[in-house]
Number of protein chains: 2
Amino acid sequence: MSIREYWKLKQVAVDRYLKKSLPSPKSKPATIHEAMHYSLFAGGKRLRPVLCLAAADAIDPHWEVALPLAGAVECIHTYSLIHDDLPCMDDDDLRRGKPTSHKIYGEGIAVLTGDALLNQAYQLAATASRTKRYSVADLVAELGYAGSSKALIAGQVADIENEGKKITLSQLRYIHQNKTAALIASSIRLGAMAANATPRQLEALTDFGQSLGLAFQVIDDILDITQTSEQLGKSAGKDLTAEKATYPALLGLDGAKKEANRLTQKAYQSLKPLGKKASRLEQIASIMLSREN
Amino acid sequence: MSIREYWKLKQVAVDRYLKKSLPSPKSKPATIHEAMHYSLFAGGKRLRPVLCLAAADAIDPHWEVALPLAGAVECIHTYSLIHDDLPCMDDDDLRRGKPTSHKIYGEGIAVLTGDALLNQAYQLAATASRTKRYSVADLVAELGYAGSSKALIAGQVADIENEGKKITLSQLRYIHQNKTAALIASSIRLGAMAANATPRQLEALTDFGQSLGLAFQVIDDILDITQTSEQLGKSAGKDLTAEKATYPALLGLDGAKKEANRLTQKAYQSLKPLGKKASRLEQIASIMLSREN
């Protein structure tokens, strides 16, 4: 199976799982369930759940055990996008090439839709199975950390607070580490935990996830200035107009590309202890990092 | 010990637990942690956590086992108030006699503060201990239901959608059941589960919680028109100006009082199977239902 086919297979599995597990878009009250489905099925690439399932697969062929967690991380990712796009936050009209939630449903419902998806993430996580090494409480705690005011939300807060300010590279790294890398790393960790990874395997995958997550964000910064809105499916050049600090702004375009390359190599290195089992993760990373949107 | 002292004791226990368990208001990024503490320690009566702990106490003298869940329900309650008060929702400037979160920190941070508290609820729940009958996954699932698009959020959505519309009594009950009663009932259920309640005990306490939750909301509706803003600590008469359906609007003031009385009696009846052990819960209910704000 090619890596594109492998990705597709995992993507279909998580889509099917989410469709089966969430309240149907017609169930009462229909507005909120419609709005949850609208954002959740807006054509995302399912990067985080695919990483979650591939991490499980690197440990144990029964990777389906990680589906509740793959679904949960996608719910958290989608909620964070909906709230990020609100007029009081990034004020964005376009996401994945479609009008954002508040443009369609209004701001009040968009806030509640994000809330509902965040809550749904934990409802899904609660249905996961415990393993020999990890309890469901461990899995919920891991997800809880990723979504917390010390990780995902810390990054969003720092992002808001630093808009229009000159910041250092270490401050920028703090934002990216929390806003982007933490959930990517936890997606991978959760997949590994659901598959009962050994402490050594979990450590290797954690390192991989952190480097990969940072590399992903550096490339995102680069694409924001080198691509058009049409290519991105969201407003391009937004970081510049919002006076947000980015890697290219701090290091120049070449410097940012070098940093992305350094982090990518570090990510690949981290997979070494897993040997051949990690080949799918390596291939997924290579797709992620060579993407054009 | 008087019931006021009993309430105070439980309130102090949950406050101490929350202070100990949440990131300190000075921890980085300080804005979000300050804002979480601001709303969480704004002088709430801790109704839901006190009910949670008292329910645990009705089953087992080691009621402290329910503290993580008592803390979790208060985090969920507080997050829902912060988001409810946003300009795009109820647009309220005053809560518990103090400026609302978005008035102090701005809308973006207020959205994130609500998000952080919702997420925190699950981080706390993940630290609960399993009992013989209930796993941590059961506890997380119960909390997940209470906060979901089929309970708390369903009520908020229906509330938004029905503003300015003529609605029936059954529609109004749907709103109140979901927006208010569901979390109150789950607070009680979670305390009982943490104390390893038998199925029969849990059923009795569930019935109690549902009737109590509804009665509480009917009285809230009554107070909104009979009390001043100063007495309430929040804007009075808001339901009228927002053209919200309320029990007094549908049944008249006397009719609403009769309904509150009927629900209260039903709540007391539900406690019968628990015998003397339920006396504290009965006393708490009596304080709740005779309150003046």
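Coordinates for the structure precede this section.
Here goes a summary of the coordinates provided. (Residues numbered from 1 in each chain as written. Chains lettered and ligands numbered in written order. Predicted model: local features only at pLDDT ≥ 70, side-chain atom pairs only at ≥ 80, totals over all residues. Heavy atoms only, no water.)

### Section: the overall build of chain A
For step 1, the next point in the chain: On a plain count of helices and strands, chain A comes out with 14 helices and 2 strands.
For step 2, the next point in the chain: A compact globule built from 293 residues should have a C-alpha radius of gyration of about 19 Å, and chain A, at 18 Å, falls within 12% of that.
For step 3, the next point in the chain: Residues counted as buried form 62% of the 293 residues belonging to chain A.
For step 4, the next point in the chain: About 11600 Å² of surface is accessible on chain A, with carbon and sulfur atoms providing 51% of the total. (Helix = DSSP H or I, 4+ residues; strand = E, 2+ residues; numbered from the N terminus. Rg over C-alpha atoms; globule rule 2.2 N^0.38 Å. Buried < 20%, exposed > 50% of the residue type's maximum accessible area, 1.4 Å probe, protein only. Areas by Shrake-Rupley, 256 points an atom, 1.4 Å probe, with all protein chains shown as cover.)

### Considering the nonpolar core
For step 1, the next point in the chain: Ranked by internal contacts, the top residues of the largest apolar core, which has 205 residues, are A:Leu205, A:Leu212, B:Leu205 and B:Leu212.
For step 2, the next point in the chain: By residue number, the principal contributor to this core is helix α10 (residues 199-226) of chain B, which donates 12 residues.
For step 3, the next point in the chain: Among residues more than four places away in sequence, those in contact with A:Leu205 are A:Ala55, A:Ile59, A:Ile188, A:Ala192, A:Leu271, A:Leu274 and A:Leu281. (Core = buried A, V, L, I, M, F, W, Y, C linked by side-chain atoms within 4.5 Å. Contact = heavy atoms within 4.5 Å.)

### What about the environment of A:His102?
Residues and elements named next belong to chain A.
For step 1, the next point in the chain: Along the chain, the position of histidine 102 falls in helix α5 (residues 101-105).
For step 2, the next point in the chain: You can call histidine 102 buried: its relative accessible area is 8%.
For step 3, the next point in the chain: When sequence neighbours within four positions are dropped, the list of residues in contact with histidine 102 reads Asp85, Leu86, Pro87, Asp92, Asp93, Glu107 and Ala110.

### Some points on the pattern of salt bridges
For step 1, the next point in the chain: Within the structure shown, the criterion is met by 22 salt bridges over all chains.
For step 2, the next point in the chain: Here B:Lys10 and B:Asp57 are joined by a salt bridge, their closest N and O atoms 3.7 Å apart. Highlighted residues: B:Lys10 in helix α1 (residues 3-21) and B:Asp57 in helix α3 (residues 47-59), separated in sequence by 47 residues.
For step 3, the next point in the chain: The shortest N-O distance in the salt bridge between B:Asp159 and B:Lys179 comes to 2.6 Å. Taken as a pair, B:Asp159 in helix α8 (residues 152-162) and B:Lys179 in helix α9 (residues 169-194) lie far apart in primary sequence, 20 residues in all.
For step 4, the next point in the chain: Where salt bridges share partners, they join A:Asp15, A:Arg46, A:Glu74 and A:Arg96 into one cluster. (Salt bridge = Lys/Arg side-chain N within 4 Å of Asp/Glu carboxyl O.)

### Side note on the relation of the copies chain A and chain B
For step 1, the next point in the chain: For the pair chain A and chain B, the superposition axis carries a translation of 0.0 Å, the fit reaches an RMSD of 0.0 Å, and the rotation angle comes to 180°. Between the two chains, the operation in question is that of a two-fold axis.
For step 2, the next point in the chain: An overlap of 100% is found between the interface residues of chain A and their copies at the interface of chain B, pointing to a shared contact surface. (Least-squares fit on C-alpha atoms with pLDDT ≥ 70 in both.)

### Considering helix α4 (residues 67-84) of chain B
For step 1, the next point in the chain: Between the first and last C-alpha of α4(B) there are 26 Å, a value that for 18 residues agrees with the 26 Å anticipated at 1.5 Å per step.
For step 2, the next point in the chain: Counting buried residues along α4(B), 18 of its 18 residues qualify, which places the element largely inside the surrounding structure. (Expected span 1.5 Å × (residues − 1).)

### With respect to the interface of chain A and chain B
For step 1, the next point in the chain: At the interface, 42 residues of chain A touch 42 residues of chain B.
For step 2, the next point in the chain: Between chain A and chain B the total buried area reaches about 3500 Å² when both faces are included, carbon and sulfur atoms providing 70% of it.
For step 3, the next point in the chain: A per-residue breakdown of the area chain A buries against chain B is headed by A:Leu112, A:Asn119 and A:Ser149, which together make up 16% of the total.
For step 4, the next point in the chain: Remark: the boundary between chain A and chain B carries 0 salt bridges.
For step 5, the next point in the chain: Our enumeration of links across chain A and chain B arrives at 12 residue pairs in polar contact (both at pLDDT 80 or more).
For step 6, the next point in the chain: Mapped by element, the contributors of at least two residues to the side of chain A that touches chain B are α2 (30-40), α4 (67-84), α6 (107-125), α7 (136-146) and α8 (152-162) of chain A.
For step 7, the next point in the chain: Class assignment of the residues belonging to the side of chain A that touches chain B gives a composition of 25 nonpolar, 12 polar and 5 charged. (Buried area = accessible area lost by both parts, 1.4 Å probe. Polar contact = N/O pair within 3.5 Å; in protein donor to acceptor, adjacent residues only side chain to side chain. Nonpolar A, V, L, I, M, F, W, Y, C, P; charged D, E, K, R; others polar.)

### A closer look at α8(B)
For step 1, the next point in the chain: The buried fraction of α8(B) amounts to 9 of the 11 residues, a majority that puts the element mostly inside the structure.
For step 2, the next point in the chain: On its buried side, α8(B) packs onto α2 and α6 of chain A together with α4, α7 (136-146) and α9 of chain B.
For step 3, the next point in the chain: Within two residues after α8(B), B:Gly164 carries a phi angle of roughly 80°, on the positive side.

### Remarks on the packing of α7(B) against α9(B)
Residues and elements named next belong to chain B.
For step 1, the next point in the chain: Contact geometry for α7 and α9: axes closest at 9 Å, N-to-C directions at 170°. One element, α7, and the other, α9, form an angle in the roughly antiparallel class. Between α7 and α9, the contacting residues are Asp138, Leu139, Glu142, Leu143 and Ala146 on the first element and Ala182, Leu183, Ser186, Arg189, Leu190, Met193 and Ala194 on the second.
For step 2, the next point in the chain: Partitioning the contact of α7 with α9 into residue classes produces 8 nonpolar, 1 polar and 3 charged. (Axes fitted to C-alpha atoms, helices over the stretch in contact; angles between N-to-C directions. Parallel < 35°, antiparallel > 145°, perpendicular 65-115°, else oblique.)

### Quick notes on a negative patch on the surface
For step 1, the next point in the chain: There is a patch of like negative charges on the surface, built from A:Asp91, A:Glu107, B:Asp91 and B:Glu107.
For step 2, the next point in the chain: Here B:Glu107 shows up in helix α6 (residues 107-125). (Patch = residues over 30% accessible without salt bridge, like charges linked within 9 Å, V, L, I, M, F, W, Y side chains within 5 Å. Lys, Arg positive; Asp, Glu negative; His and termini not counted. Charge placed at Lys NZ, Arg CZ, Asp CG, Glu CD.)

### With respect to a nonpolar patch on the surface
All names here are of chain A.
For step 1, the next point in the chain: A cluster of nonpolar residues, Leu169, Leu250 and Leu251, forms a patch on the protein surface that exposes about 200 Å² of accessible area.
For step 2, the next point in the chain: Its place among the elements puts leucine 169 in helix α9 (residues 169-194).
For step 3, the next point in the chain: On the basis of relative accessibility, which here comes to 31%, the residue leucine 169 falls in the partly exposed class.

### Some remarks on the environment of A:Arg280
For step 1, the next point in the chain: Its location among the elements puts A:Arg280 in helix α14 (residues 279-289).
For step 2, the next point in the chain: Within polar-contact distance, the side chain of A:Arg280 engages the backbone oxygen of A:Met1 at 2.9 Å.

### Considering the packing of aromatic side chains
All names here are of chain A.
For step 1, the next point in the chain: On inspection of all chains with the given rule, the structure shows 3 aromatic pairs over all chains.
For step 2, the next point in the chain: For the ring pair tyrosine 38 and tyrosine 105, a centre distance of 5.9 Å and an interplane angle of 70° mean the geometry is edge-to-face. Placement of the pair is tyrosine 38 in helix α2 and tyrosine 105 in helix α5, with a sequence separation of 67 residues. This pair shows no difference in class: tyrosine 38 is buried, exactly as tyrosine 105 is.
For step 3, the next point in the chain: We note lysine 10 situated over the ring of tryptophan 63; from NZ or CZ to the ring centre the distance is 3.9 Å. (Phe/Tyr/Trp six-rings, centres within 6.5 Å; stacked < 30°, edge-to-face > 60°. Lys NZ or Arg CZ within 6 Å of the ring centre and 35° of its normal.)

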